[in-house]
Amino acid sequence: DTAVSQTPKYLVTQMGNDKSIKCEQNLGHDTMYWYKQDSKKFLKIMFSYNNKELIINETVPNRFSPKSPDKAHLNLHINSLELGDSAVYFCASSQGRASSYNEQFFGPGTRLTVL
Amino acid sequence: TQLLEQSPQFLSIQEGENLTVYCNSSSVFSSLQWYRQEPGEGPVLLVTVVTGGEVKKLKRLTFQFGDARKDSSLHITAAQPGDTGLYLCAGDMEYGNKLVFGAGTILRVKS
């Protein structure tokens, strides 16, 4: 029944490692997003895909690479993890251009801690 | 400088009190959304306002969109401990695609 799911929920890793976060939505939405929420709870968009096509790519280091194998899945791979990457990463989906309001449905988040 | 200024950042009140959260910008939005986030979970959409001057009510929560579609407010009447959480406003900058979020208001309602 879960609308937007993410794995893993928690990720603790060492600096320099490479890690991936996976996201799936079963809402039939065309657009998916990755957001980063910092320790002050500020939520900032990182990437957006519409029907597997990258449409938003904010100022994010090249170490972050999103991939959308199909419109129901959006993964985030992070290379050479740094301390500053520690945050909660949220996946979200919306009807995108099909809806003029762009309402977002968020996953439960992945708390990434880089040691 | 944030595109959407949200205030206050933190609010701690007693059960039964009223409160208002503000979201202001110099930019015009095609719509403005309010979300509520509980610890360990993702934000959940509460309401979307679209028309300048629009007022929407959700039980004890009243949402208003400014006439010029640059600002919004959330008013909670007789707050309950279950209202505790992080409230986020988000403006739709362009038609579709991208939301800009305010910094959030952490609300704590004490019983």
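Up top is the structure these notes are about.
Think of each chain on its own: its residues are numbered from 1, step by step along the sequence as written. To label them, take the chains in the order written and letter them from A, then take the ligands in the order written and number them from 1. Two thresholds apply to this predicted model, a pLDDT of at least 70 for residue-level local features and 80 or more for giving and counting side-chain atom pairs, whereas whole-chain, interface and lining totals are computed over all residues. Values reported for side chains reflect all heavy atoms of the structure, with hydrogen atoms and water molecules removed beforehand.

Undergrad: Lay out the interface of chain A and chain B with the relevant residues and their values.
TA: Chain A puts 22 residues into the contact, and the matching count from chain B is 23 residues. We define buried area as the total accessible area lost by two parts upon association, computed with a 1.4 Å probe and summed across both. In total, about 1,900 Å² of surface goes out of reach between chain A and chain B, with carbon and sulfur atoms giving 57% of it. The rule for a salt bridge is simple: a side-chain nitrogen of Lys or Arg has to be within 4 Å of a carboxyl oxygen of Asp or Glu. Taken together, the links from chain A to chain B amount to zero salt bridges. Whenever two N or O atoms come within 3.5 Å, that pair is a polar contact, provided that in protein one can donate a hydrogen and the other can accept it, and provided that, for residues adjacent in sequence, both atoms are side-chain atoms. Remark: the boundary between chain A and chain B carries four residue pairs in polar contact (both at pLDDT 80 or more). Within the residue set of the side of chain A that touches chain B, elements represented by two or more residues are β4 (31-37), β5 (43-50) and β6 (53-57) of chain A. For helices the rule is a DSSP run of H or I covering at least 4 residues; for strands it is a run of E covering at least 2, with both sets numbered from the N terminus onward. A per-element tally of the side of chain A that touches chain B places β4 of chain A first, with three residues. Any pair of residues with heavy atoms lying within 4.5 Å of one another is described as a contacting pair.

Undergrad: Kindly report on the state of the cysteines, identifying the contributing residues and their values.
TA: Two cysteine sulfur atoms make up a disulfide if the distance between them is within 2.5 Å. For the coordinates displayed, the defined rule picks out two disulfides over all chains. What pairs with Cys 23 of chain A in a disulfide is Cys 91 of chain A, and their sulfur atoms sit 1.9 Å apart. Handedness here is read from the sign of the S-S torsion; for Cys 23 of chain A and Cys 91 of chain A, about -75°, the answer is left-handed. Taken together, the residues Cys 23 of chain A in strand β3 (residues 19-25) and Cys 91 of chain A in strand β9 (residues 87-94) connect sequence positions 68 residues apart. Partly exposed residues are those whose accessible area sits between 20% and 50% of the maximum for their type, while under 20% is buried and over 50% is exposed, using a 1.4 Å probe and protein chains only. In this structure Cys 23 of chain A comes out as buried when scored by relative accessible area, which is 2%. On the accessibility criterion, Cys 91 of chain A (0% relative accessible area) is buried. With a sulfur-sulfur separation of 1.8 Å, Cys 23 of chain B is cross-linked through a disulfide to Cys 89 of chain B. Here the disulfide of Cys 23 of chain B and Cys 89 of chain B is right-handed, its torsion about the S-S bond being about 65°. Residue Cys 23 of chain B is located in strand β3 (residues 19-24), and its partner Cys 89 of chain B is located in strand β9 (residues 85-92); the two are separated by 66 residues in the primary sequence. Judged by relative accessible area, Cys 23 of chain B falls into the buried class, the value being 0%.

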